[in-house]
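Observations on chain architecture
What follows is each chain in one-letter form.
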Amino acid sequence: MLQTRDLIWGLLFIGCAAAIQVQITPTQGEISVGESKFFLCEVVGDAKDIDWYAPSGEKILPNMPDIFVNRADETTSTLTIYHANVDSAGIYKCVAKNGDKEAQATVQVKIFQKITFASAPSPQEFNEGDDADIVCNVVSSPPPTIIWKHKGSKIQVAKDVRYKIMDNGHLQIRGIKKIDEGMYNCEARVMARGEIDFKMIKVVVNVLPTIRARLSEVNATADIGSSALLACDADGFPEPTVTWAHNNIVLETGDKYSLNEDGSELVIKDVKKVDEGDYTCIAKNKAGEKAEEVSLNVFVQPKITYLNNQTASEFDNQVTLTCEALGDPTPTISWSFENRVFTEGEQSLDRNIVVRSHARVSSLTLKNIVFTYAGQYLCTASNSIGQDNQHMYLEVRYAPKIQGRVTVYTWEGNAANISCEVEAHPGASVVWFRDGLQLPSANTTNMKIYNTQSVSYLEITPDSQSDFGSYNCTATNAMGTDSKEFLLIQAEVPSSPEIQQVEPFSSTAVVAFEEPDSMGGVPIIKYKVEWRLPGQDWTGSEHDANDEMTTITIVGLKPETTYEVKMSAINGKGEGESSLASTFKTEPVQYSFTISSEIPTTIAATTMAIKGEPSAPILEVKVQDKGNTLKVNWIKQDDGGSPIKHYLVRYKAVSIPNKEKHVSDWKPEIRLPYNSEYVMLNGLDWNTEYEVHVVAENQQGKSEPAVISFRTATDPTTIPDAVDSSSGLGTGAIVGILIVVFFLLLLGVDVTCYFLNKCGLLMCIAVNFCGKAGPGAKSKDIEEGKAAFTKDESKEPIVEVRTEEEHIPNQGGGGPTEPNETTPLTEPEPAAADTTSTVVNLLPCTATNSVAESFSTAQSSPASESITLTTSASSPTKAAPANSSPKNSPAAQSSSLNANTQPDVGPLVDLSDTPKVPSPTPLVSEPVSPPSTNADGPQSQRDPVKAPDSTQNKDSQVDGPTKDAPNILCTGSTTPAQNDGKTVKDDKTKGQTELKNATDEVKTVPNEAPQTNGNESKA
């Protein structure tokens, strides 16, 4: 390769030995402004000099600043252009010389400007609404074409007149908006070179702040240590800064002022009157600033600054009381004395009291001074913020004035006080006189004087008639003297009261009377009532007197008997004359006879029972201090011949204002003991009409209800307390109490289920963890015993009867305890043994002579009947006691013993005192009559219970399997069996019959142990 090149150069040298050739590499050049480039000039042939010439024709000398020429060897020379500019463009020439031989070559150098962004700052910020000029200065040669893009799309100037591309390539947006904010692309293109470049410019639109005050006016109260909050909300872009100014002074956080983080809230501490004025809220950002005024109104509570005590004498012309107060708004000043309030103007018809006010001063002028003007006056200054009160005392000097009751009554031996009440200022000295002599004197040992600050007492114990008469009281002070005569009068016994009416009942009578015309000078302390049978001695009772007493009740009378009654009044002197005797006759006692068709004729005549219901009590209502609490009193009337057991009270709301129709249910019945005289009804609705029924009940029945209606007071206007009370329970405490109560209720239900139904959480714990079977485990033993009894019929079964019906206690048997005065009013009387297992008499029962007789017809009778006769007898007759027990009634025994029996069933164990008898033909759910309530007959005293109605007895029913145990039949007649178990109740007022059926469950268990008593068994 080297040889070939040398060969070529050798041939050229030989062929051109006579000439010089020059070649420039590259043959042409384009240089961007600021760039550098070199050109190589190669000479073929022998050349002594190689020179470069500029476009101007000047020889380029070595070491020029921007153009550098360097000859590397004899055949080459290099032209280097540094940092080319427009002036560097042109044709450059390389000339080679060797003596007279010369050769040259040229090269054209072109200088061009690349796309250059001379000025395109980012970001560029503008205020909203301004005409924005987005700067993008681009330099190139030839000049470039500018294209603007926004959000990836070319801006179409023709479509949106707000956009305009300026001659200098800038983008103008008229009325720029916040939505115009974003990135803009400034793109430059040179088509001749295909050159393109772009610049991303961020455009920011600043929004002038907007500001609004939360409250344009803020009110505050001075001198109470309170703070005032001024607040404004500012918006804009960028986020404006908020400052506050007052009186052109910028406020900063300190002892007086406090600002939050963004400055939007200004707190003025311990507001004073000087803090009042306008406060400026200033919001500022790059777009500008806005300000808003907030006014602070400082109010001042009234304060009385001047009020002094005054002194005057009676009969002076006038005295003026002055009260001065400060406050903003200007306070209104008023005066008050005792219960009277004085305002602006004349306050009395005689023009003796006048009030005048000017600005912050008020004067109260009292003319023609009298002693009653003396006392404490109250000045009250008030405005919309509050009020201030101060007292002043007006002292009036006046002569003594004696007051007091002129007449005093007493009797010999009874001490009496004559009161001399003295009003005077200054204080007066008091002296007592009689017949011109000062008391007490040496001859008066029965008189004493006691003095207090305002009263002088003369105590007199009359020994004789001479001590009665006139006594003088004289009081003296520096202003004058006053005296007064008092009379001591002999008291008398009262006159007789006047009996207006006597309302008789069977065992009581109510005497209505009017108080005596003359009290004798002293109050009546007692009334005495006396009564007797005609021609016999008087019987009397005394009753303490009170202002409302108009009636007295006499008790312990005999029915249908004529009495005489008289009254007298008793005061401290003694008993007055008796009134004229009044005659009255008590009412008869009502009788009720009940004849059962099942009882033989010979027995029915002896089974009639006396019945007498009590009379309704007399009611009266007394409103208590609390308007929705009332006390209902009653007066006991005729008890019907037997003691009152208790009183039954019930009530309901009848009507409520502002409601056209209102129906209210009866409240729960309240049962009160026999000796109760009233009931308190609490928590009643305000302004509501109520109806109250009170019923008296004895052994024979209930009285007709005593009815009274009343209306409660109107709900008083509620006045809010000045002091906040925080003694009530909070919501959390109430919720906690409710949760505890609910938990205790669940626990009670679970314990009940555990003992009664053998279920619940306690049952699961007892069985799974403790291994106990629970209180009902004995049922399994009973079932096993039942099976054993079926196999071995020779054993006598124990019959366990469980009744689901309630039983009425017998006349002689133990019944439920009567409520007394300690019995709660709202708790019903507990039912005795409602679900307790009971052992009943298995023999045929006898007839009963209770108030409402229950009986059953014979087996062939389709229904049983009961007849109640109510008569009014002149004198009570006592029915002979029925004797219908099996021991005393051979007919009943023989009838029962002759009944059919089952040979394949073992005999039953008798649980009563009667002999055992075999059971008749087995019956399922056979109703039976109740046992006799006669004292001589057998009575069930194992499980007495309370019946819903005292005049009704319920039947016991025995129900048992026909295969396991025999059934028991209990009737009230000699009939061997009954097919109909109806019980008929006859009411004397309604005449209605009520059918009562009951089912008893009979369980048999084997006799596990010998019984000590053949008539009783243990389960």
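Residues numbered from 1 in each chain as written. Predicted model: local features only at pLDDT ≥ 70, side-chain atom pairs only at ≥ 80, totals over all residues. Heavy atoms only, no water.

1. Remarks on the overall build of the chain
- The secondary structure content of the chain amounts to six helices and 64 strands.
- The 1019 residues of the chain split such that 40% are buried.
- Residue pairs in contact within the chain that sit at least 24 positions apart in sequence constitute 66% of those at least 6 positions apart.
- By element, 51% of the accessible surface of the chain is carried by carbon and sulfur atoms, the whole surface being about 56,500 Å². (Helix = DSSP H or I, 4+ residues; strand = E, 2+ residues; numbered from the N terminus. Buried < 20%, exposed > 50% of the residue type's maximum accessible area, 1.4 Å probe, protein only. Contact = heavy atoms within 4.5 Å. Areas by Shrake-Rupley, 256 points an atom, 1.4 Å probe, with all protein chains shown as cover.)

2. A closer look at the pairing of strand β43 (residues 480-490)
- Note: strand β36 (residues 407-410) against β43, four bridges, orientation parallel. Pairing of valine 408 across the sheet is with leucine 488, part of β43.
- Of the strand pairs in this sheet, strand β42 (residues 469-477) and β43 are connected by nine bridges, and their pairing is antiparallel. Following the sheet pairing, asparagine 472 is matched in β43 by glutamate 485.
- From the end of β42 to the start of β43, which pair antiparallel, there are two residues. (Pairing = 2+ DSSP bridges.)

3. Some remarks on a nonpolar patch on the surface
- On the surface, a cluster of nonpolar side chains totalling about 400 Å² of accessible area is made up of Val740, Phe743, Leu744 and Leu747.
- Positionally, phenylalanine 743 belongs in helix α3 (residues 731-756).
- Judged by relative accessible area, phenylalanine 743 falls into the exposed class, the value being 55%. (Patch = residues over 30% accessible without salt bridge, like charges linked within 9 Å, V, L, I, M, F, W, Y side chains within 5 Å. Salt bridge = Lys/Arg side-chain N within 4 Å of Asp/Glu carboxyl O.)

4. Notes on the sheet that holds strand β16 (residues 171-173)
- Taken together, three strands build an open sheet; the order of strands is β11-β16-β15 and the sheet is antiparallel. Of all strands in the sheet, those bounded by a partner on one side alone are β11 (132-134) and β15 (163-165). On average, adjacent strands in this sheet sit at an angle of 20° to one another, irrespective of strand direction.
- Two strands pair when backbone bridges link them, and β15 and β16 are joined in this way by three bridges, in the antiparallel orientation. (Axes fitted to C-alpha atoms, helices over the stretch in contact; angles between N-to-C directions.)

5. Describing the sheet that holds strand β3 (residues 37-44)
- Pairing is antiparallel in the open sheet, where four strands are placed in the order β1-β3-β6-β5. Sheet topology places β1 (21-25) and β5 (67-70) at the edges, where each strand pairs with a single neighbour. For this sheet, the mean inter-axis angle between neighbouring strands, taken without regard to orientation, is 15°.
- Bridge count for β1 against β3 is five bridges, and the pairing is antiparallel. Across the sheet, residue threonine 25 finds its bridge partner in β3, namely leucine 40.

6. Concerning the packing of aromatic side chains
- Enumeration over the complete set of coordinates arrives at nine aromatic pairs.
- Judged by centre distance (5.2 Å) and plane angle (40°), the rings of tryptophan 634 and tyrosine 647 are tilted. A residue pair is termed long-range when its members are at least 10 positions apart, and tryptophan 634 in strand β53 (residues 630-635) and tyrosine 647 in strand β54 (residues 644-655) qualify at 13 residues. Here the two residues tryptophan 634 and tyrosine 647 agree in accessibility, since each one is buried.
- Connected via pairs of aromatic rings, a cluster forms that spans Tyr651, Tyr690 and Phe710.
- Residue placement shows arginine 162 over the ring face of tyrosine 163; its charged tip is 5.5 Å from the ring centre.
- One Lys or Arg, arginine 650, reaches over the ring of tryptophan 666 and ends 4.2 Å from the middle of that ring. (Phe/Tyr/Trp six-rings, centres within 6.5 Å; stacked < 30°, edge-to-face > 60°. Lys NZ or Arg CZ within 6 Å of the ring centre and 35° of its normal.)

7. Overview of the environment of histidine 170
- Take histidine 170: it is sitting in the loop between β15 and β16.
- The buried category is assigned to histidine 170, whose relative accessible area is 7%.
- In the structure, histidine 170 is positioned 32 residues away from valine 138 in sequence and 9.7 Å away in space, judged by C-alpha atoms.
- Contacts of histidine 170, omitting those with residues within four sequence positions, involve Asp133, Ile134, Val135, Cys136, Asn137, Trp148, Lys164 and Ile165.

8. Describing the side chain of serine 264
- Mapped onto the secondary structure, serine 264 falls in the loop between β23 (257-259) and β24 (265-268).
- Of note is the side chain of serine 264, whose polar atom sits 2.9 Å from the side chain of aspartate 262. (Polar contact = N/O pair within 3.5 Å; in protein donor to acceptor, adjacent residues only side chain to side chain.)

9. Some remarks on the layout of surface pockets
- In this structure, the second largest pocket encloses a volume near 900 Å³.
- Lining the second largest pocket are 27 residues; nearest its centre among them are Thr551, Thr553, Glu620, Trp634 and Ile635.
- If you list the elements that add at least two residues to the lining of the second largest pocket, you get β48 (551-554), β52 (618-623), β53 and β54.
- Here the lining of the second largest pocket is composed, by residue class, of 13 nonpolar, eight polar and six charged. (1 Å grid on protein atoms, 1.4 Å probe; cavity = no way out; pocket = protein on both sides within 12 Å on 5 of 7 lines; lining within 4 Å. Points joined across faces, edges and corners; volume = space filled by probe spheres on them. Nonpolar A, V, L, I, M, F, W, Y, C, P; charged D, E, K, R; others polar.)

10. A look at a negative patch on the surface
- Together, Glu498, Glu514, Glu515, Asp517, Asp547, Glu548 and Glu620 line one region of the surface with negative charge.
- You can see aspartate 547 is positioned in the loop between β47 (539-544) and β48. (Lys, Arg positive; Asp, Glu negative; His and termini not counted. Charge placed at Lys NZ, Arg CZ, Asp CG, Glu CD.)

11. Some details on the pattern of salt bridges
- A complete count under the given rule lists 22 salt bridges for this structure.
- Note that aspartate 160 and arginine 162 form a salt bridge whose closest N and O atoms lie 4.0 Å from each other.
- The class for arginine 162 is buried, based on a relative accessible area of 18%.
- For the salt bridge of lysine 256 with aspartate 275, the shortest nitrogen-to-oxygen distance reads 2.8 Å. Remark: aspartate 275 occurs in the loop between β24 and β25 (277-285) and lysine 256 occurs in the loop between β22 (249-250) and β23; sequence separation between them is 19 residues.

12. What to know about the state of the cysteines
- Under the criterion given, the structure shown has five disulfides.
- The partner cysteine of cysteine 136 in its disulfide is cysteine 186, sulfur to sulfur 1.8 Å. Measuring the twist about the S-S bond at about -90°, one finds the cysteine 136-cysteine 186 disulfide to be left-handed. Residue cysteine 136 is found in the loop between β11 and β12 (137-139), and its partner cysteine 186 is found in strand β17 (residues 182-190); the two are separated by 50 residues along the sequence. With respect to burial, cysteine 136 and cysteine 186 carry one shared label: buried.
- Each sulfur in the disulfide pair cysteine 420 and cysteine 473 lies 2.0 Å from the other. Between cysteine 420 and cysteine 473, the S-S torsion sits near -80°, and that sign places the bridge as left-handed. With a gap of 53 residues between them, cysteine 420 in strand β37 (residues 416-425) and cysteine 473 in strand β42 connect regions that are remote in the sequence.
- This cysteine, cysteine 753, is not joined by any disulfide, and cysteine 759 carries the nearest cysteine sulfur, 4.3 Å off.
- The closest cysteine sulfur to the non-disulfide-bonded cysteine 764 is located on cysteine 759, 8.6 Å from its own sulfur. (Disulfide = S-S within 2.5 Å.)

13. Concerning the confidence of the model for the chain
- Summarising the model, the chain shows a mean pLDDT of 74, and 69% of its residues fall at 70 or more.
- Below pLDDT 50 for its whole length, residues 14-18 participates in three contacts with residues either more than four positions away or in separate chains.
- Every residue in residues 718-727 is under pLDDT 50, and counting partners more than four places away or in other chains gives zero contacts. (pLDDT = per-residue confidence, 0-100.)

14. Re unusual backbone geometry
- Between phenylalanine 237 and the following residue, proline 238, the backbone shows a cis peptide bond with an omega angle of -5°.
- With an omega of 0°, the peptide bond between histidine 425 and proline 426 qualifies as cis.
- One non-glycine residue, glutamate 338, lies in positive phi territory at about 55°.
- Here glutamate 338 is to be found in the loop between β29 (332-337) and β30 (340-342).
- Owing to a relative accessible area of 67%, glutamate 338 belongs among the exposed residues under this scheme.

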